Amino acid sequence: MKHQQRSEPHLSPSSDTEDIVAILAPRLAYFAGVARTEHVTRAAQEMQVPQSTLSRAMVRLEHDLGVDLFARRGRTVSLTPAGRTFLASVERALAEIERAADEVRADADPATGKVAFGFLHTMGSETVPGLIRAFRADHPRVRFSLVQNYGEAMIERLRSGELDLCLTSPVPDAPDLVARRLDEQKLRLVVPADHRLASRRRIRLAEAADETFVTLEPGYGLRRITDDLCQQAGFRPRVAFEGEEAETLRGLVAAGLGVALLPPPAVPRPGVVELTVTAPRAAREIGVAWLDGHPDTPPVAAFKRFLLSKRGNLLPD
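Q: Mind showing me how you'd approach the sheet that holds strand 7 (residues 188-192) here?
A: Sheet strands associate in pairs through backbone hydrogen bonding, adopting either a parallel or an antiparallel arrangement. Pairing is mixed across the open sheet formed by four strands, whose spatial order is 8-12-7-11. Each end of this open sheet is capped by a strand with a single partner; those strands are strand 8 (202-204) and strand 11 (260-262). Across the sheet, the mean angle from the axis of one strand to that of its neighbour is 45 degrees, orientation sign disregarded. As judged from the three bridges shared by strand 7 and strand 11, these two strands associate in the antiparallel manner. Across the sheet, residue leucine 189 finds its bridge partner in strand 11, namely leucine 261.

Q: Would you take a moment to explain the sheet that holds strand 6 (residues 177-186) for this structure?
A: With mixed pairing, the five strands of this open sheet are ordered in space as 4-3-5-13-6. Here the strands that pair on one side only, and so sit at the sheet edges, are strand 4 (143-148) and strand 6. Strand-to-strand, the axes of this sheet are offset by a mean angle of 20 degrees, without reference to chain direction. For strand 5 (residues 165-168) and strand 13 (residues 283-291), the ladder comprises three bridges, and the chain directions are antiparallel. In the strand pairing of strand 13, cysteine 166 is matched with alanine 289.

Q: What exactly am I supposed to notice about the packing of helix 2 (residues 40-47) against helix 3 (residues 51-65) here?
A: Two numbers describe a pair of packed helices, the interaxial angle and the distance between the axes. Here helix 2 crosses helix 3 at 115 degrees, and the two axes come no closer than 9 Å. Taken together, the axes of helix 2 and helix 3 lie roughly perpendicular to each other. Between helix 2 and helix 3 the crossing geometry is right-handed. Residue-level contacts link Val40, Thr41, Ala43, Ala44 and Met47 of helix 2 to Gln51, Leu54 and Ser55 of helix 3. A breakdown of the residues in the contact of helix 2 with helix 3 according to their chemical character gives five nonpolar, three polar and no charged.

Q: Mind showing me how you'd approach the packing of aromatic side chains here?
A: One pass over the structure, following the stated rule, counts eleven aromatic pairs. Centroid distance phenylalanine 31 to phenylalanine 70: 5.5 Å. Interplanar angle 55 degrees. Geometry classified as tilted. In this pair, phenylalanine 31 sits in helix 1 (residues 17-37) while phenylalanine 70 sits in strand 1 (residues 70-73), placing the two residues 39 residues apart along the sequence. Judged by its relative accessible area of 0%, phenylalanine 31 is buried. Relative to phenylalanine 303, the ring of phenylalanine 117 lies with its centre 5.0 Å away and its plane at 80 degrees, an arrangement referred to as edge-to-face. Pair noted here: phenylalanine 117 is in strand 3 (residues 114-119) and phenylalanine 303 is in helix 9 (residues 298-308), with a separation of 186 residues, a long-range link. Of the two residues examined, phenylalanine 117 and phenylalanine 303, each falls in the buried class. Clustering of aromatic rings is evident, with ring pairs tying together Phe117, Phe119, Phe135, Phe144, Phe303 and Phe306.

Definitions and limits used
- Residues numbered from 1 in each chain as written.
- Predicted model: local features only at pLDDT ≥ 70, side-chain atom pairs only at ≥ 80, totals over all residues.
- Heavy atoms only, no water.
- Pairing = 2+ DSSP bridges.
- Helix = DSSP H or I, 4+ residues; strand = E, 2+ residues; numbered from the N terminus.
- Axes fitted to C-alpha atoms, helices over the stretch in contact; angles between N-to-C directions.
- Parallel < 35°, antiparallel > 145°, perpendicular 65-115°, else oblique.
- Left-handed = near helix turned anticlockwise from the far one by under 90°.
- Contact = heavy atoms within 4.5 Å.
- Nonpolar A, V, L, I, M, F, W, Y, C, P; charged D, E, K, R; others polar.
- Phe/Tyr/Trp six-rings, centres within 6.5 Å; stacked < 30°, edge-to-face > 60°.
- Buried < 20%, exposed > 50% of the residue type's maximum accessible area, 1.4 Å probe, protein only.

Here it is, written out as structure tokens:
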């Protein structure tokens, strides 16, 4: 059969890509099967579809493309040059689809699946490693894709589908999210060891109104809490530095650059003194959040149950 351009193709060169994919995709596996066997009947038997269905699918595919893909001799077929070109790309596409299917099935496997989990920078040194270690005692082969970031960035990743769960503060309140409070963490006023307040154990935050503060950047939950607490104490903090890591701030306090409201460190740091704030009440809530209505794979559901079981006992003593 001589290869020729067909007239009046169903798809024009200006057709949208989405239209082309929607029309062609269901027939690609059929095409690859016929091309592999070069026999319509055998291909139909291997794919367990009626021969008539397969024949019609190939005719329609050629019509939609506007070219002959096969030279036909009864039920035996052979690829035209256009068919061979098309087959090479189809086989790559089908292999990629198979790879993607294998990947998502593996990620959903109850024993070996994956959890995409986000958490605050301040949770990274001790809290999150401890949580994962405890969870993997019963789920040793579950894999984790971890993202360490500030709260608002993690919420956006939840919404985009990049994360399954995130550990954040403040606990978000949004109609498209589900959030559960897990624990509370007291904040301390951290001052240099040679500071005028360093001999104190407790302090009202209003007593630090004249101090220079080092804080996290705007957008971080802890920065928002710091600003709110200072406002409750009757002042607006004078900020000397805005950073991204709580431990960086603690180091700058030790260097005398200012004072800071911070959660307790994983390991005590020399050069600073940490004071209990008696008024206003200085604490932040830690919670877990996920996208409302988003279906959980078995490993995500298991880790979610585990986190919720840690209510009131999330943070290390």
